[in-house]
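Examination of the molecular architecture
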Amino acid sequence: MADLDARHQDIIAPVIAFSTKVHAVSAEGLWVTDPEGNRWADFACGTAVTNLGHNHPAVTAATHAQIDKVIHSGMIFHYDAIVEAAERLREITPPSIQKFAFANSGAEAVEATVKLAKYTSGRQGVIAFRGGFHGRTMGSVAYTTSKARYRDGYHPVLGSVFVTPFPHPYRWGMSTDEAIDLSLHELAMTFKHVVSPKNIACFLVEPVQGEGGYYPAPPKFLDALRELADEHGILLVYDEVQSGFGRTAEWFAADHFDAKPDIMAFGKGIANGFPLSAYGAPREMIDSWPAGSHGTTYGGNPVAAAASVAVMDTMGDLLPHARQLSRHAFDRFGELAERHEVIGDVRGLGLMIGVEFVEDRDTRVPDAKAFQHVQAHAFDRELIIIECGPDGNILRFIPPLITTLDELDWAIDLVDEGLTSWEKTRS
Ligand SMILES: Cc1ncc(COP(=O)(O)O)c(C=O)c1O
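Residues numbered from 1 in each chain as written. Predicted model: local features only at pLDDT ≥ 70, side-chain atom pairs only at ≥ 80, totals over all residues.

A tally of helices and strands in the protein chain yields 13 helices and 17 strands. Relative to a compact globule of 427 residues, whose C-alpha radius of gyration would be 22 Å, the protein chain shows 21 Å and is just as compact. Dimensions along the principal axes, computed over C-alpha positions, put the protein chain at roughly 60 × 55 × 45 Å. Classification of the 427 residues of the protein chain by burial places 48% in the buried group. Pairs at least 24 residues apart make up 72% of the contacts formed inside the protein chain by residues separated by at least 6 positions. (Helix = DSSP H or I, 4+ residues; strand = E, 2+ residues; numbered from the N terminus. Rg over C-alpha atoms; globule rule 2.2 N^0.38 Å. Buried ≥ 20, exposed ≤ 12 C-beta atoms within 10 Å, placed from the backbone. Contact = placed C-beta atoms within 7 Å.)

Structure, rendered in C-alpha cells:
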C-alpha cells in the first residue's frame, strides 16, 4: 500500500480527493480487498454508485459479452445496447419521461437537461436550490451550492442562475411546514425582486438533496414547485443522479412523490460503476431539440449501456429487500438517537439515510469530529463510511442493496460502538 500511495501522491493531482488510501486490487459485493488481503465493506458504494455491490455478476457478464461484440460507436453507428437501455428506462421512469439520451457523468447529464430546457423553452434563467449538488464542471458548478468551496476560485460562474433555499428544517430549527413556507416565500421574493418567472426555463432540484446533507424534499414543497412550474410555463427538472436506481428503495425518488418532473437526469447507479449517465423528457420536447444541438463522443458507450441494461434487469427484484433494509436501518438509528445525545437528526428516504452529529442538541452546532471518530472506528474494523453536508458532520449511510440484514446490523453496531467510544473521550 505504501509504495502505491507514494507513487499516487507523486503523480496524481491532489485536487481529486480520495476518501481513503485503500489500494483496491479486487472487489466483489460489499468487499474491496487490498494486496495484503485486508478487506473493507464499502458502505460508500464508490460514492453512491455500486448499489448492486461491486462487480455484480450480471453486470460483469453483460459487459464481457458486449466487449466481444462492439466497444465503441462515437455517434457513428446504431447499436443494440443503447436502444435496450433506453427501452428499459422508459419502463421504469414516470410516464411523461418518454425519450432518452446518454452521457458519461452526472454533471454532463445535468448540463444537458438545462440545455434542453433552455433550448426548447426559449428562456435562459435557471432556478437552483441552496444546498444542491449537481456536479463540478464549469456549467454544473453554477447550480451547485452544497459547499461554497466548490465554487471558490472559479467565479464568475454562469449567469442567470438564481439560487433559492431548499427546506432544511432541522438545520434551521424549524418545523417542516415552517421551512417549506420560508423556502416558498424566498422563491416568491426572487420572482418579485430579482427575475420574472417568464425568464425561467427550469427549476433544477434534487428530490432528495444528497451531497448537501441528505434532505428529502418535503412532498408539499415539490407540489408547490410543480404548481408554479405549470402556472408559469417553467420546466421541472429532477436531478436523480444520486437518488435514482434503487437508492431510495424505489427505482427513483420521483416514485415517492405525487409531483412528477418534466425532465430527469440519471447517473451513478445507472451502470453500477461504468461511466454512464442519461436524461429523459417527453417525446415532443426531445424531438424538438434539433440533431447536433448537443452531443458527446462517448456518451452511451456500448459497454456501459450493456451494464445499465443488466442493472435494470437485476435491480427490480432487490427493491422489496431494500425497503426492508431501510425500515430496519431507520428503526436502529432511531434507537441509537435515544442513547446517543450526539445524534441530532436521522432523516432520509429509503437507503439514502443521513445521521447528523451535533455538539449539543439545543444549539445544533455541527460536530464533524464526532463523525471523523466514528469513521475511523469503523475503518479500523473493516467498514468504510463517508459523510455529506457542508459541515462534514452528517453520516451518509448508503449500504448496497445486496446487504443482508445481518451485515446491516454489523455496520450499525460499529456506528453505535464508535459513538460510545467518542462519548468516552468526551467524558
Ligand atoms: C445529485 C447529483 N447530481 C450530479 C452529480 C455529479 O455527478 P458526476 O460526479 O458523475 O459528474 C452528483 C455527484 O455526486 C450528484 O450527487
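Now that the structure has been shown, we can carry on.
Looking at chain direction, strand 2 (residues 31–33) and strand 3 (residues 39–42) are connected through three bridges and run antiparallel. For V32, the partnering residue across the bridge sits in strand 3 and is W40. Turn length for the strand 2-strand 3 hairpin, with the two strands adjacent in sequence and antiparallel, is five residues, and the turn residue G37 shows positive phi of about 90°. Bridge analysis of strand 3 against strand 15 (residues 383–384) gives two bridges, and the strand direction is parallel. Each residue of the ladder has a partner; that of D42, found in strand 15, is I384. (Pairing = 2+ DSSP bridges.)

A few words on the sheet that holds strand 17 (residues 394–397). Pairing is antiparallel across the open sheet formed by four strands, whose spatial order is 13-14-17-16. The open sheet is flanked by strand 13 (343–349) and strand 16 (386–388), the only strands paired with a single partner. Within the sheet, the average angular offset between the axes of one strand and its neighbour, ignoring direction, is 30°. (Axes fitted to C-alpha atoms, helices over the stretch in contact; angles between N-to-C directions.)

Next up on the list: the site of the ligand. Residues in contact with the ligand amount to 14 residues; listed here are only the nearest, S105, G106, A107, V241 and Q242. In terms of residue count, the dominant contributor to the shell around the ligand is helix 5 (residues 106–121) (three residues). The residue inventory of the shell around the ligand, partitioned by class, reads four nonpolar, seven polar and three charged. (Near = placed C-beta within 6 Å. Nonpolar A, V, L, I, M, F, W, Y, C, P; charged D, E, K, R; others polar.)

What follows is about the pairing of strand 17. The two faces of strand 17 match: I394 and R396 on one face and L395 and F397 on the other face are all buried. Pairing of strand 16 with strand 17, which is carried by three bridges, proceeds in the antiparallel orientation. Each residue of the ladder has a partner; that of I386, found in strand 17, is R396. Hairpin geometry of strand 16 and strand 17 is characterised by an intervening segment of five residues between the two adjacent antiparallel strands and by a positive phi of about 95° at G389.

Counting 123 residues, the largest nonpolar core has C202, F203, V237, A278, Y279, A307 and V311 as its most contacted members. Sort the elements by how many residues they give to this core and helix 10 (residues 302–315) lands first, with 10 residues. Viewed by domain, this core spans two of them, domain 1 (2–55 + 320–426) and domain 2 (57–316), each represented by three or more residues. When near neighbours in sequence (up to four residues on either side) are disregarded, A307 contacts V59, A62, T63, A271, N272, F274 and L276. (Core = buried A, V, L, I, M, F, W, Y, C linked by C-beta atoms within 7 Å. Domains from an automatic or database assignment.)

Moving on, we come to the domain arrangement of the protein chain. Looking at the assigned domains, one finds that the protein chain contains domain 1 (2–55 + 320–426) and domain 2 (57–316). In this structure, domain 1 and domain 2 have C-alpha centres spaced 25 Å apart. Listed per partner, the contact involves 29 residues of domain 1 and 32 residues of domain 2. At the level of elements, helix 2 (45–48), helix 11 (319–339), strand 13, strand 14 (352–357) and strand 17 are the ones that each hand at least two residues to the side of domain 1 that touches domain 2. Ranked by residues supplied to the side of domain 1 that touches domain 2, first place goes to strand 13 with five residues. Within the side of domain 1 that touches domain 2, the residues separate by chemical class into 13 nonpolar, 10 polar and six charged.

This next bit is on unusual backbone geometry. Cis peptide bonds are those with omega within 30 degrees of zero, and the linkage from H155 to P156 qualifies with 0°. Within the secondary structure, P156 sits in the loop between strand 5 (125–130) and strand 6 (161–165). With phi around 45°, N55 is a residue other than glycine that occupies positive phi space. By secondary structure assignment, the location of N55 is in the loop between helix 2 and helix 3 (57–67). Even without a glycine there, the phi angle at Y214 is positive, about 55°.

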